[in-house]
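# Overview (structure and organization)
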Amino acid sequence: MRNILLSAVLLAGTLMSGAQTAEPNRLLVVSESGSYQSFMTERVEAVEFRTVEGPVEAAINISGCTLTSVQTSITMSESCSSYLINCYPAVIARQLKSNPAGAFSYMAQTGAPQYSEDFSDGTLSGLELQPGTEYAIVTAAYDELGTECDVCLGTFTTPSEPVTGNPQVTFKQTGNTHFTITGEFTANSDVDGYSYLIGEKGELEAQFEQFAGMFGFSNIAEMVKMWGVYVAHNDSDEHTWKDLEPNKEYEIYVQAWDVKEVPAPVQIFEASTAKMGGSGAAYVNIKVGAYKLADWDGEMKPSLYVDFMPNDQAGAYRVYCAFAADYDKDPQEYKDYVCQEPEMSMANWFLYGNKSTDYQVDPGNSIVILAAAKNADGVWGEVNEVRHTTPANVSAGMPAAPGQKVAKRADRGVSDTAGKVPANAFRRVRMEK
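Residues numbered from 1 in each chain as written. Predicted model: local features only at pLDDT ≥ 70, side-chain atom pairs only at ≥ 80, totals over all residues. Heavy atoms only, no water.

This paragraph deals with the overall build of the protein chain. Counting its regular elements, the protein chain contains seven helices and 24 strands. Here the protein chain holds 433 residues, and the buried ones make up 42% of them. At a minimum sequence separation of 6, the contacts of the protein chain that also span at least 24 residues come to 70%. As displayed, the protein chain offers around 22,800 Å² of accessible surface, 49% of which is attributable to carbon and sulfur atoms. (Helix = DSSP H or I, 4+ residues; strand = E, 2+ residues; numbered from the N terminus. Buried < 20%, exposed > 50% of the residue type's maximum accessible area, 1.4 Å probe, protein only. Contact = heavy atoms within 4.5 Å. Areas by Shrake-Rupley, 256 points an atom, 1.4 Å probe, with all protein chains shown as cover.)

Time to look at helix α7 (residues 331-338). At 3.6 residues per turn, the α-helix brings residues three or four places apart onto the same side. If you check which residues of α7 are buried, you get Tyr334, Tyr337 and Val338. Projected down its long axis, α7 shows its buried positions confined to an angular sector of 100°, all on one face. (Arc of directions from axis to C-beta.)

Where strand β8 (residues 134-142) lies against strand β9 (residues 148-157), eight bridges are found, and the strand directions are antiparallel. From the neighbouring strand, Tyr142 faces β9, where its bridge partner is Glu148. Counting the residues between successive antiparallel strands, the hairpin from β8 to β9 contains five residues, one of them, Gly146, with a positive phi of roughly 80°. (Pairing = 2+ DSSP bridges.)

In this section: the packing of aromatic side chains. Per the stated rule, a full pass over the model turns up 23 aromatic pairs. Here the aromatic rings of Tyr115 and Phe119 are separated by 5.3 Å at their centres, their planes lie at 85°, and the arrangement is edge-to-face. Given the relative accessible area of 32%, Tyr115 is considered partly exposed. In this structure Phe119 comes out as partly exposed when scored by relative accessible area, which is 27%. A centroid spacing of 5.8 Å and a plane angle of 80° characterise the contact between Tyr196 and Trp241, whose relative ring orientation is edge-to-face. Here Tyr196 is found in strand β12 (residues 193-200), whereas its partner Trp241 is found in strand β14 (residues 237-241), with 45 residues between them in sequence. Both residues of the pair, Tyr196 and Trp241, belong to the buried class. Grouping aromatic residues by their ring pairs yields a cluster made of Phe171, Phe185, Tyr194, Tyr196, Trp241 and Phe269. (Phe/Tyr/Trp six-rings, centres within 6.5 Å; stacked < 30°, edge-to-face > 60°.)

Attention shifts here to the sheet that holds strand β4 (residues 70-76). Pairing within the open sheet is antiparallel, and its three strands lie in the order β3-β4-β7. At either end of the open sheet lies a strand with only one pairing partner, and these are β3 (58-65) and β7 (119-124). When strand polarity is set aside, the average angle formed by the axes of neighbouring strands in this sheet is 30°. Pairing of β4 with β7 involves four bridges; the strand directions are antiparallel. (Axes fitted to C-alpha atoms, helices over the stretch in contact; angles between N-to-C directions.)

Across the protein chain, the average pLDDT comes to 87, with 86% of residues at or above 70. Below pLDDT 50 for its whole length, residues 396-421 participates in 74 contacts with residues either more than four positions away or in separate chains. (pLDDT = per-residue confidence, 0-100.)

A separate point is the packing of helix α4 (residues 203-215) against helix α5 (residues 220-227). Where α4 meets α5, the closest approach of the two axes is 10 Å, and the angle between their N-to-C directions is 85°. As summarised for this structure, α4 and α5 are arranged roughly perpendicular, according to the angle between their axes. Where α4 approaches α5, its residues Leu204, Glu205, Gln207, Phe208, Phe211 and Phe215 are matched on the opposing element by Ile220, Met223, Met226 and Trp227. Here the contact of α4 with α5 is built from residues that sort into eight nonpolar, one polar and one charged. (Parallel < 35°, antiparallel > 145°, perpendicular 65-115°, else oblique. Nonpolar A, V, L, I, M, F, W, Y, C, P; charged D, E, K, R; others polar.)

Turning to a nonpolar patch on the surface, a few remarks are in order. On the surface, Leu28, Val30 and Tyr36 cluster together to form a nonpolar patch covering roughly 320 Å² of accessible area. Tracing the backbone shows Leu28 in strand β1 (residues 26-30). (Patch = residues over 30% accessible without salt bridge, like charges linked within 9 Å, V, L, I, M, F, W, Y side chains within 5 Å. Salt bridge = Lys/Arg side-chain N within 4 Å of Asp/Glu carboxyl O.)

With respect to topology, three strands assemble into an open sheet ordered β10-β11-β14, the strand pairing being antiparallel. Two strands in the sheet have a free side with no partner beyond their single neighbour: β10 (169-176) and β14. Along the sheet, successive strands turn relative to each other by an average axial angle of 25°, direction set aside.

Now for unusual backbone geometry. The residue Glu261 is not glycine, and still its phi comes out positive at about 65°. By secondary structure assignment, the location of Glu261 is in the loop between β15 (249-256) and β16 (267-272). At Asp297, a residue that is not glycine, the phi angle is positive and equals roughly 55°. Overall, the relative accessible area of 63% leaves Asp297 in the exposed class.

A few words on the nonpolar core. Core analysis: the largest hydrophobic core is formed by 24 residues, its most contacted members being Leu84, Tyr88, Met107, Val138, Phe208 and Met223. Secondary structure elements with two or more residues in this core: β5 (82-89), α2 (90-98), α3 (100-109), β8, α4 and α5. Here Leu84 is in contact with Phe104, Met107, Ala108, Ala112, Pro113, Gln114, Val138, Thr139, Ala140 and Tyr142, once residues within four sequence places are set aside. If you look at the next biggest cluster of nonpolar residues, it comprises 21 residues, including Tyr291, Leu304, Val319 and Ala373. (Core = buried A, V, L, I, M, F, W, Y, C linked by side-chain atoms within 4.5 Å.)

And the structure:
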C-alpha cells in the first residue's frame, strides 16, 4: 500500500512541476496560504485520508463587556477537540475570518491561549480595550487530528467614555477647482483640539480596513488622529487640499476631543471638486511629433515625442504604448487595460488636459500608441489607436538599429505596474502639463 500511495503522490508532483526530469524526493503538503510542510519521501510510511464528520468550531456568545474583560460562552462542536481564543479589534477579526489559513499562526503569535472545554459563563480578562470601539472574540478550532479547522467570531462594542459638553466641529466648503477643495472648520467652545482627514468617498473606510493591523488602529478615530491635520483647542482653520481629481466626491472625517482629551464621535462631511468634461463621447487625439536624441538618465537615447489632446467631453484619460508585434497578438487586452479603473485610489492613474511626453524607442520599430478617455459621468469613450514606425535614423547621426528593445525605466507618470500590464509595453515618462 505504501508504494502505491507514494507512486500516486510522486506522479502528481511530477505533473504539477511540468518538465521535471529528476524523480522528486520530497513530499510537500501545501496550504491555501502558500505555506507548506516538507517530508523526505523515504521517511514517509503512508499517505492517508480521513473523514471528520460535521463542523469543527467553537461557537461564541457574548453577554457583556468592560474595558478590561468580556463575558462570553464558548460551545465546542462535537468534532472540536480544542481551540485558540483571543480578543482583537473587529477590523482585524474580520480579516482572520476571511483568511482562516493564516488565522491560526497569527493567533499563536499574539499569545492566544488554547482550551479544550466549553465555558457556559466565562470571562476573558486581562484586556486593555479602547472605549466606543468594535471588537471581536475570535476562536480557531482544531479537530482530534490537530487539523486547523473553522474560525468563529463574536463582535461587541465597548462602552463609550462620557464627554464633557458637546464638542462639535462644523465644516463649510468655500471653493473648489478641478484639482483643489477649500473649506473652513469652526469648532465650538467644548472642543479642546481636533484633527481632520480627506479621502475619496468610501476611501478612508477602505484604508482603515487595509492598514489597521499595520498601524495598530483599533478604530477609525485613531487613524484620523494620526494621519490628519491637527488643530489645537477650538481654533478655526481654513485649508486647501491640493492634487485632487476632477469630478470626484470626497469625505472629510473630523475627530474632536473635549477638555479631558476624551474623543467625541467622528464627524463626516462631504465635499467635491469642480466638474471637468461633459456627458458626451469622450475622446483623446494623438499627435506624433519629433524623433530625436534626448537625455535619459545621463545617456543620449532616441526619443519619440507625442502629444495627447482630450476633447471637451473628457473628464480623465489614460495612455499606453506597445510594440506593434505584441499589440497585434491581443489588441483587446491592451484596450481593456487602458480603459481600466484602479482597484483603489491611486495617484497619477489618470491624466487631465493636454499632455506631452516622449517614449524611448529605437530606430526602425513599429509601435502602437493608445489613448482613451471617460467623460464627466464616468463613461469610457472610444480607444484611439495610432500606429507609427520610427525612422531608420534619428537626428545627430544615430545609426539604424531595427529590432532593438526599448530601454526600460521606472515610470514617473501613469502607473503601468498596477493591475494586469500587457507584456513588453513602453513605460511613459517625463510627462508635462
